[in-house]
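Given next are the chains, with one letter for each unit.
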Amino acid sequence: NLLTYVNAWFSIRLNHEKIFSFYYLFSNWTGFLPFLQDFLIGFCYFAQNINSALLTMDRFAATSAVKWMQVWNKNWWLIAVVLYISTGVAYFVTAG
C-alpha cells in the first residue's frame, strides 16, 4: 500500500507542485521514467488486489479444514508468484 501511495504521489500529485519541477524536467528528459511510473501505478493497484485475494484464501484455508491448511501452507508461494506474473503480463499487454 505504501509503495502504491508514494508512486501515485510522485506521478500524479507532485506534478502540480512548483518545487518538484526539476524532477519532472529530469523524468521527461530521460523519456522512459514517466512510462515506468505509469506502469508501476497500475501494477501496484493490481498488487493490492492480489494481496487481498491471498489474504482471503489464507483465511478460507484456516477456517475450512486442516487438510486445506496443509495444502495452503505448502503451496501459497506458488499461487502468489503465478498471480503476480499473470497480472503483470496482463497489465502490460493491455497497454497499462
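As recorded by an unreviewed UniProt entry, the protein carries the name Serpentine receptor class gamma and is attributed to Pristionchus entomophagus.

Novice: Please clarify how the side chain of Asp58 should be interpreted in this entry.
Specialist: Checked against the element boundaries, Asp58 lands in helix H3 (residues 33-64). Within the structure, the side chain of Asp58 is placed 3.1 Å from the side chain of Arg59, a separation counted as a polar contact. Look past the residues within four positions of Asp58 in its chain and what remains in contact with it is Met69 and Trp72.

Novice: What should I look at first to understand H3 in this one?
Specialist: One turn of an α-helix holds 3.6 residues; hence residues three or four places apart share an orientation. Look at H3: 45 Å from first C-alpha to last across 32 residues, which is about the 46 Å you get at 1.5 Å a residue. Among the residues making up H3, those that are buried are Leu33, Gln37, Ile41, Gly42, Cys44, Ala47, Ile50, Leu54, Asp58 and Ala61.

Novice: Got a minute to help me understand a nonpolar patch on the surface in this structure?
Specialist: A cluster of nonpolar side chains, namely Trp76, Trp77, Leu78, Val81, Val82, Ile85, Val89, Phe92 and Val93, defines an oily patch on the protein surface of about 950 Å² accessible area. Counting through the fold element by element, Val89 comes out in helix H4 (residues 66-93).

Novice: Would you mind showing me how to read the UniProt feature "transmembrane region" (unreviewed entry) in the protein here?
Specialist: Taking the numbering used here, the UniProt-annotated feature "transmembrane region" (unreviewed entry) corresponds to residues 22-48 and 76-94. End C-alpha to end C-alpha, residues 22-48 measures 30 Å, and it is 93% helix and 0% strand.

Novice: Would you mind showing me how to read the nonpolar core here?
Specialist: If you look at soluble globular proteins, the nonpolar side chains tend to sit buried side by side. Ranked by size, the top nonpolar core spans 5 residues in total: Ile50, Leu54, Ala61, Trp72 and Ala80. Listing elements by their share of this core, those giving two or more residues are H3 and H4. With 3 residues, the top contributor of residues to this core is H3. Excluding its chain neighbours within four sequence positions, the residues that come into contact with Ala61 are Trp68, Met69 and Trp72.

So, how was this worked out
Residues numbered from 1 in each chain as written. Predicted model: local features only at pLDDT ≥ 70, side-chain atom pairs only at ≥ 80, totals over all residues. Heavy atoms only, no water. Helix = DSSP H or I, 4+ residues; strand = E, 2+ residues; numbered from the N terminus. Polar contact = N/O pair within 3.5 Å; in protein donor to acceptor, adjacent residues only side chain to side chain. Contact = heavy atoms within 4.5 Å. Expected span 1.5 Å × (residues − 1). Buried < 20%, exposed > 50% of the residue type's maximum accessible area, 1.4 Å probe, protein only. Patch = residues over 30% accessible without salt bridge, like charges linked within 9 Å, V, L, I, M, F, W, Y side chains within 5 Å. Areas by Shrake-Rupley, 256 points an atom, 1.4 Å probe, with all protein chains shown as cover. Salt bridge = Lys/Arg side-chain N within 4 Å of Asp/Glu carboxyl O. UniProt positions renumbered as here; feature names shortened; annotations may be inferred. Core = buried A, V, L, I, M, F, W, Y, C linked by side-chain atoms within 4.5 Å.

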